[in-house]
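Structural overview for review
Okay, here's what each chain looks like letter by letter:
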Amino acid sequence: MTGFLDDLRQAWKALCRAPGFTSFAVLVLALGVGTSVAIFSVVNAVLLRPLPFPDPDRLAMVYATALEKQERRPVSPLNYVDVLARQHSFSGLSAIVERTATLSAGGDSVELAGCSVTADFFAVMGVAPDLGRGFLPGEDRPGGDLVIVLSRGLWQRKFGADPGAVGRTVSLNGKPATIIGVMPGWFDFPFQSNFWRPLQLAPAEESRGSNNLTLIGRLAPGLDLGRGQREMTLIARRLEQAYPDPNKGRGLVLVPLREQLVGKFQRGLAVLLGAACLVLLVACSNVASLLVVRGMGREKEVALRTALGATWPRVARQLLAESTLLAAMAGGGGLLLGIWGGRLLAAAAPEEIPRLGEMRADYRVCIFALLLSCLTLLVSGVAPALRAARADPQRVLNRGRGGLAAGGRAGRQPLVVAELALTVMLLLGAGLLMKSFLLLMRVEPGFTIARLATLDISLPAWKYRPSQSIGFYSRLLERVVSLPGVRSAAATMSRPLRGANHWGTSLTIEGRTLPVPLRGLNVIMNPVTPGYFRTMGIPLLAGRDFAERDDLSTPGVVIVSLRLARLYFPRQNPIGKVITHDLDYGPAATTRTIVGVVGDVRQKALALHEEPVIYVPHRQVPYPLMSLVVRTSGEPLGLSEPLRQTVRDLDTDVPLTAVTTMESIRNGSVGEPRFYMALSAVFAVLALILAAVGVYGVLSQTVARRGHEIGVRMALGARRGQVAALILRQSVTAAAIGCVLGLGAALLLGEVLAKLLYGTAARDPLTYIAVTLLLLAAVLAASYLPARRATRVDPGISLRCE
């Protein structure tokens, strides 16, 4: 132990005698460790930390599926009742409906996202309120008293964290509701819920084709997911046999809760973590090259110590102590840098990435930083130390001032090649993600984004019956159109790029039997007001737009998207055809005549292809939750306050959301791919800089060590161009080998990126060519100054030294 401490003291003194080298090496390694720790902090929070529920691995979601597409859909209330009666795999199976509601307390109304749940919901989740109680059996029966449980955030914001709030009566959608509990601060399941109320199901009043329930269950002790899936498959078959019309071709699938919450982010975060680790390896290769150069400068010192009796393990231990100190300092600095960087990433990450609020520098992060420090020691320190310690002292002491030993060049060339190969892999990943993102941003959404504002409006159910919403939106649009700067305005239930919250239906065609692929196909149904297509800039391709006369007193009409027309009416004119949809909302007619065809719109996301859509007049399907869309002649956000004031003038009880623009919604819809692209680009640029610095450092040392040889060559007639080529050949050879190795590795690993790309292949040849040229350009730029310095060597000085 005493000998090891002596080695560390000697190593510290040696590093202090070279502050420039020490600072640079620690900085480079700390950057590599810090980037990896920062990404790992995100991965740890999102993917690795256990979900904060008791036995979270026993929680699973239950979805209905279309067997031919395996698409996950909610379950109908009647099917839920049958599943609940027939299943034996779950100790509890709860139903959830996400919804918004207007909460009024103390004269102030606010619209909140929450959900209705069956009474056993908190028992299934294994979570109890911090204050008060959860739901009692029977409180979810129709006609029962309305009670609610608040999230801690809402309790603090709205009630000032007053414990006396439990037991108070507030107004929820105009009905009195008693607050019975407050949940822990971390609990907001299913997603940022502010309240939970009993789901008072009345199965006899429900349609088996109305799929609106999300199910979550806790597996019974001793049973696994496979056993539960087999039982759900059997139950789905029996439901199909008993009720073939709505359940034809439908199945039930179990999805582990962890997969449901974070499954879609696993690949992207894993790719980022891999990219960060590649940056660390580039940094280690860079420092290893510097240590080899440093070891070559100390060859005579090591040779003298060996000649005086020191064994090579003793010398290697001394040199390894320096690398240990470098790795320790880099690990500590990288841990601090990574913790700070992780917080920065959490703030910059898109909102859809969950659990970032749980980011902590826990033992996993510290152990990961320790492992990275050991990796930096192993990769950057061990090989140079062993090489320097094993050098032949007689050869070193007898060596004159000749050129650089072949072993010196051979010792560093593989490190430079490895550094460049890793850089090529990072550049390729960043290039593919960047091209994918640029192609995504060029996707035409199907409407004109510029100068388009939108505002979500939710009419209180306690105040407005469906038919009354018609008058409200008519009066609102009349006032909005009269505002200065407004060119046109309309309302829609589901604005484009919304992501979720779509109203799905399936169609039948009068007088026709649909082919199997179209039976039960999910079609988006969207109630809109007259003028919606003109306001959005959606082209009317055939037929007519909706008119004010299309109301409940006239036959049902519908406008279909181009994709739907091509699917259901190939090589036919759909105008005048009669369709029937299975959605039964209020007094709306279910049989409709097609009166128009409009262009396709990216309804869910830019990255998803257009889905078939039917548009129905809002006056025939009077839905209370609509989005106002306003085409302006100037800056859309300049109308933010006038639009909000117009709604308040009509009804102060209508909760208001912020006015936003469709351009910002479009940008927000690509937040996840932008996040992956930006981080991979940062890593690639960092690796490219480190690689260029490494090439520059190696060539500079080469010129310094081969100065005598270069002078002799020039004295014997070598031209400056030949001398420059001699130096450049070394870097170009390393770059060529690095490109070949890096491109080969990228070809093997390309499919890892495939699911993160849009519109481009993982083996895109143009990206491969561009990355190769970029790396060669960087290597040549880094080689310029050393090559120029070599051409200025004075041959006379070299000859006089000879």
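A few points on the structure. (Residues numbered from 1 in each chain as written. Predicted model: local features only at pLDDT ≥ 70, side-chain atom pairs only at ≥ 80, totals over all residues. Heavy atoms only, no water.)

1. A short note on the overall build of the protein
- If you tally the helices and strands in the protein, you get 25 helices and 23 strands.
- In the protein, which comprises 802 residues, the proportion classed as buried is 51%.
- In the form shown here, the protein has an accessible surface area of approximately 35,200 Å², with 59% of it arising from carbon and sulfur atoms. (Helix = DSSP H or I, 4+ residues; strand = E, 2+ residues; numbered from the N terminus. Buried < 20%, exposed > 50% of the residue type's maximum accessible area, 1.4 Å probe, protein only. Areas by Shrake-Rupley, 256 points an atom, 1.4 Å probe, with all protein chains shown as cover.)

2. What to know about helix α15 (residues 466-481)
- Over its 16 residues, α15 extends 23 Å from the first C-alpha to the last, a length consistent with the 22 Å expected when each residue adds 1.5 Å.
- Within α15 the residues assigned to the buried category are Ser469, Ile470, Phe472, Tyr473, Leu476, Leu477 and Val480.
- Residues of α15 that are buried in the fold lie against β12 (452-458), β13 (486-492), β22 (625-632) and α18 (640-650). (Expected span 1.5 Å × (residues − 1). Contact = heavy atoms within 4.5 Å.)

3. Section: helix α3 (residues 77-86)
- All of the buried residues along α3 are Pro77, Leu78, Asn79, Tyr80, Asp82 and Val83.
- Its buried side turned inward, α3 meets β3 (90-105), β10 (214-219), α6 (225-242), α7 (244-247) and β11 (250-256).

4. A closer look at the packing of aromatic side chains
- For the structure on display, the rule yields 18 aromatic pairs.
- Pairing Phe122 with Trp196 gives two aromatic rings, centres 6.0 Å apart and planes at 70°, and the pair type is edge-to-face. With Phe122 in helix α4 (residues 121-125) and Trp196 in strand β9 (residues 195-198), the pair connects residues that are 74 residues apart, well separated along the chain. There is no split in this pair, since Phe122 and Trp196 are both buried.
- The structure contains a cluster of three or more aromatic residues connected by ring pairs, namely Phe53, Phe121, Phe122, Phe135, Trp186, Phe187, Phe189 and Trp196. (Phe/Tyr/Trp six-rings, centres within 6.5 Å; stacked < 30°, edge-to-face > 60°.)

5. Quick look at the packing of α15 against α18
- Interhelical geometry of α15 versus α18 gives an angle of 140° and a closest axis separation of 10 Å. The orientation of α15 with respect to α18, classified from their angle, is oblique. As α15 runs across α18, the sense of the crossing is right-handed. Contacts from Phe472, Arg475, Leu476, Arg479 and Val480 in α15 reach Leu643, Thr646, Val647, Asp649 and Leu650 in α18.
- Across the contact of α15 with α18, the residue classes break down as 6 nonpolar, 1 polar and 3 charged. (Axes fitted to C-alpha atoms, helices over the stretch in contact; angles between N-to-C directions. Parallel < 35°, antiparallel > 145°, perpendicular 65-115°, else oblique. Left-handed = near helix turned anticlockwise from the far one by under 90°. Nonpolar A, V, L, I, M, F, W, Y, C, P; charged D, E, K, R; others polar.)

6. Digging into the pairing of β3
- Counted residue by residue, β3 has 12 buried out of 16 residues, so it is predominantly covered.
- Bridge count between β3 and strand β7 (residues 169-172): 2 bridges; the pairing is antiparallel. Residue pairing in the sheet places Leu103 in a bridge with Leu172 of β7. (Pairing = 2+ DSSP bridges.)

7. Regarding the environment of Val771
- Summarising the element assignment, Val771 is placed in helix α24 (residues 765-790).
- Each C-alpha atom of the pair Val771 and Thr423 lies 9.7 Å from the other, and the pair is 348 residues apart in sequence.
- With residues near it in sequence (within four places) discarded, Val771 still touches Val424, Leu427 and Leu428.

8. Some remarks on a nonpolar patch on the surface
- On the surface, Leu337, Trp340 and Leu344 cluster together to form a nonpolar patch covering roughly 320 Å² of accessible area.
- For Leu337, the location among the structural elements is in helix α11 (residues 312-348).
- A relative accessible area of 33% places Leu337 in the partly exposed class. (Patch = residues over 30% accessible without salt bridge, like charges linked within 9 Å, V, L, I, M, F, W, Y side chains within 5 Å. Salt bridge = Lys/Arg side-chain N within 4 Å of Asp/Glu carboxyl O.)

9. As for the pattern of salt bridges
- Counted under the stated rule, the structure contains 11 salt bridges.
- Measuring nitrogen to oxygen at the nearest pair gives 3.0 Å for the salt bridge that ties Asp130 to Arg152. Within this pair, whereas Asp130 is found in the loop between α4 and β5 (131-132), its partner Arg152 is found in helix α5 (residues 152-159), the two being separated by 22 residues in sequence.
- Among the ionic contacts, a cluster of salt bridges with common partners joins Arg49, Asp362 and Arg364.

10. Some remarks on the side chain of Arg197
- Along the polypeptide, Arg197 turns up in strand β9.
- Buried within the structure, Arg197 lacks any salt-bridge partner; Glu139 is the closest side chain of opposite charge, at an N-O distance of 11 Å.
- In this view, Arg197 contacts Cys115, Ser116, Val117, Phe135, Leu146, Val147, Ile148 and Leu172; residues no more than four positions away in its chain are not counted. (Lys, Arg positive; Asp, Glu negative; His and termini not counted.)

11. Considering the nonpolar core
- Ranked by size, the top nonpolar core spans 125 residues in total, and within it Ile39, Leu269, Leu420, Phe447, Tyr532, Phe533 and Tyr615 carry the most contacts.
- Within the second largest apolar cluster, 26 residues are counted, among which are Leu59, Tyr63, Met125 and Phe135. (Core = buried A, V, L, I, M, F, W, Y, C linked by side-chain atoms within 4.5 Å.)

12. Points about the packing of α3 against α6
- Look at α3 against α6: their axes get within 11 Å of each other, and the N-to-C directions meet at 130°. Considered as vectors, α3 and α6 are oriented oblique to each other. Here the hand of the crossing between α3 and α6 comes out right-handed. Only Glu231, Met232, Ile235, Arg238 and Leu239 of α6 make contact with α3, whose side of the interface consists of Asn79, Asp82, Val83 and Arg86.

13. Considerations on unusual backbone geometry
- Between Phe189 and Pro190 the backbone carries a cis peptide bond, its omega angle lying at 10°.
- With respect to the helices and strands, Pro190 occurs in the loop between β8 (175-182) and β9.
- We note that Ala161 has phi near 60°; this positive angle belongs to a residue other than glycine.
- For Arg355, which is not glycine, the phi torsion reads 70° and is therefore positive.

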